[in-house]
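Fold and geometry: a report
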Amino acid sequence: MRLRNRLTLAFVPVMLVPLLVVAVISTWQAQHALHKSVGAHVSALANEKANAIALIIQERITETQVLAATSQVRQAVIQANAGHEGRDEEQIKKEIEDLDQQWIAAKEQGGSDKAKEILNNETSRFLQAFQKQNTNRYGELILTDIHGTAMGMTKILSDYDQSDEGWWQECHADGKGSVFVDDRGHDKSVGALVVGVGVPVRRADRMVIGVLKVNYKIREVLDVVADRHKAPHTLTLLARSLGSIVAQSGEQEAASLTEQEQAVLFRAQGGYSTNWRGGAEYIMGYSPVTTELSTRVPSPGQRKGISGEKLEPSKWWLMIQTPHADAQAPANHFMKVTLLGGLLALAGAIVLALLVASSISRPLMKLHEGAEIIGNGNLDHRVGTEGRD
């Protein structure tokens, strides 16, 4: 092999290896920084949406509290409670049980006499008028007295006695009073999430005297999840801490939560992580909805709407996921540009190596040739030099 070629082969790796090392390190750093940046972005977006959902629910809670504080509701409950004053508690309990049995037995025949009487009383007409203001917003409204019996409603209930219902017990809270939010799920018939909000009715001295519950049709939550302006291929999930999906939007419908998504439900706060769904890698940002909720779960022996329904505390989590491939597209582009630049640099390095090798090998070849001539006995031969120093 000629000396020039050997020098060229030796010179090229010296230039190429550092170039490749720099390219690989730069690409890795770009991918890592981009992953971190995208993760922080989807996490912040998930937190923003979770807060928006919490505000929507809080607005419904406030509206229910305002309704419970109106003179019409408060005076109606005071009047109903006055009907029990001075009576024996056992006698009241027995009367409620009898009316409750009659109510349930006559439900399929259009309701008992007591049910029809309550449905058409002044309190129920007030609640029905309130509901009709916006039927796309308000579902069923229920008002009970201090004993938990229905005294106002927008339609005939499944039973008369609500005191054995979990939602009523949570609202009454042994006379202390508490806000109750019931996650009733997505009702396809109305095209909205249905959330029940129960609040205590209080006298002016803050004593609990009854309970008001309003079922709301909350389409705004679905709008927050859908977000028409989100990036293509983005998947948004609203999930319960009990492991089921409340609502979702995306090109592909998720039937259940992945292992990584389920792990999020046990986190203390929001953040981001990697998720695998359908064989594809996603960068997932997540954040909890701060509202305390209750969700109905199947229970042996339950009678829906009557008794035995079990409520479990739950929380909603908002998850936003973007494909890893889409997120890393800028880094991949950077890598391609870097490789292209590396190839161009390699071509330039080869040309430069040839020039350098030629400038080094030419004098060496002259020295080699001169040495051979002198070695052959021509002592008068002079080896010329072409240097500047």
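Described in the following lines is the structure provided in the data block.

Description of the nonpolar core
Ile53, Leu143, Val201, Leu212, Leu238, Trp316 and Leu318 are the most contacted members of the largest nonpolar core, which totals 41 residues. Per element, the largest residue contribution to this core is 9 residues, and it comes from helix α1 (residues 3–68). Contacts of Leu212, omitting those with residues within four sequence positions, involve Thr64, Leu67, Ala68, Leu127, Ile142, Leu143, Val197, Gly198, Val199 and Val201. With 17 residues, the next largest nonpolar core counts Ala115, Ile118, Ile142 and Ile156 among its residues.

Thoughts on the environment of Arg202
Here Arg202 is to be found in strand β4 (residues 192–202). Residue Arg202 is classed as buried on the basis of its relative accessible area, which comes to 17%. Taking the C-alpha atoms as reference points, Arg202 and Ala69, 133 residues apart in sequence, are found 7.2 Å from one another. For Arg202, the residues in contact, after removing those within four places along its chain, are Arg74, Lys176, Gly177, Met207, Val208 and Ile209.

Some remarks on the pattern of salt bridges
One pass over the full model with this rule turns up 14 salt bridges. Measuring nitrogen to oxygen at the nearest pair gives 2.8 Å for the salt bridge that ties Asp98 to Lys94. Here Asp98 pairs with Lys94, and both are found in helix α3 (residues 89–105), just 4 residues apart, close to one helical turn. Taking relative accessible area as the criterion, Asp98 reaches 29% and is therefore assigned partly exposed.

Digging into the packing of aromatic side chains
Across all of its chains, the model carries 4 aromatic pairs by this definition. Seen in terms of ring centroids, Phe130 and Tyr138 are 4.7 Å apart; in terms of plane orientation they differ by 45 degrees. Their pairing is tilted. A residue is classified by how much of its surface remains accessible, and Phe130, at 14% relative accessible area, is buried. Pairing Tyr138 with Tyr216 gives two aromatic rings, centres 5.8 Å apart and planes at 55 degrees, and the pair type is tilted. Here Tyr138 is found in strand β1 (residues 138–144), whereas its partner Tyr216 is found in strand β5 (residues 208–218), with 78 residues between them in sequence. Taken individually, Tyr138 and Tyr216 each receive the classification buried, so the pair is uniform in this respect. Three or more aromatic residues link up through ring pairs in this structure, and these residues are Phe130, Tyr138 and Tyr216.

Description of helix α5 (residues 122–132)
Each α-helix winds once per 3.6 residues, and so residues spaced three or four apart point in a common direction. Of all the positions in α5, only Thr123, Ser124, Leu127, Gln128, Phe130 and Gln131 are classed as buried. Seen end-on, α5 carries its buried residues on one side only, within an arc spanning 160 degrees. Exposed and facing more than 90 degrees away from the buried side of α5 are Glu122 and Lys132. The residue sitting at the N-terminus of α5 and contributing the capping side-chain oxygen is Asn121; that oxygen lies 3.2 Å from the backbone nitrogen of Thr123.

Rules behind the numbers
- Residues numbered from 1 in each chain as written.
- Predicted model: local features only at pLDDT ≥ 70, side-chain atom pairs only at ≥ 80, totals over all residues.
- Heavy atoms only, no water.
- Core = buried A, V, L, I, M, F, W, Y, C linked by side-chain atoms within 4.5 Å.
- Buried < 20%, exposed > 50% of the residue type's maximum accessible area, 1.4 Å probe, protein only.
- Helix = DSSP H or I, 4+ residues; strand = E, 2+ residues; numbered from the N terminus.
- Contact = heavy atoms within 4.5 Å.
- Salt bridge = Lys/Arg side-chain N within 4 Å of Asp/Glu carboxyl O.
- Phe/Tyr/Trp six-rings, centres within 6.5 Å; stacked < 30°, edge-to-face > 60°.
- Arc of directions from axis to C-beta.
- Polar contact = N/O pair within 3.5 Å; in protein donor to acceptor, adjacent residues only side chain to side chain.

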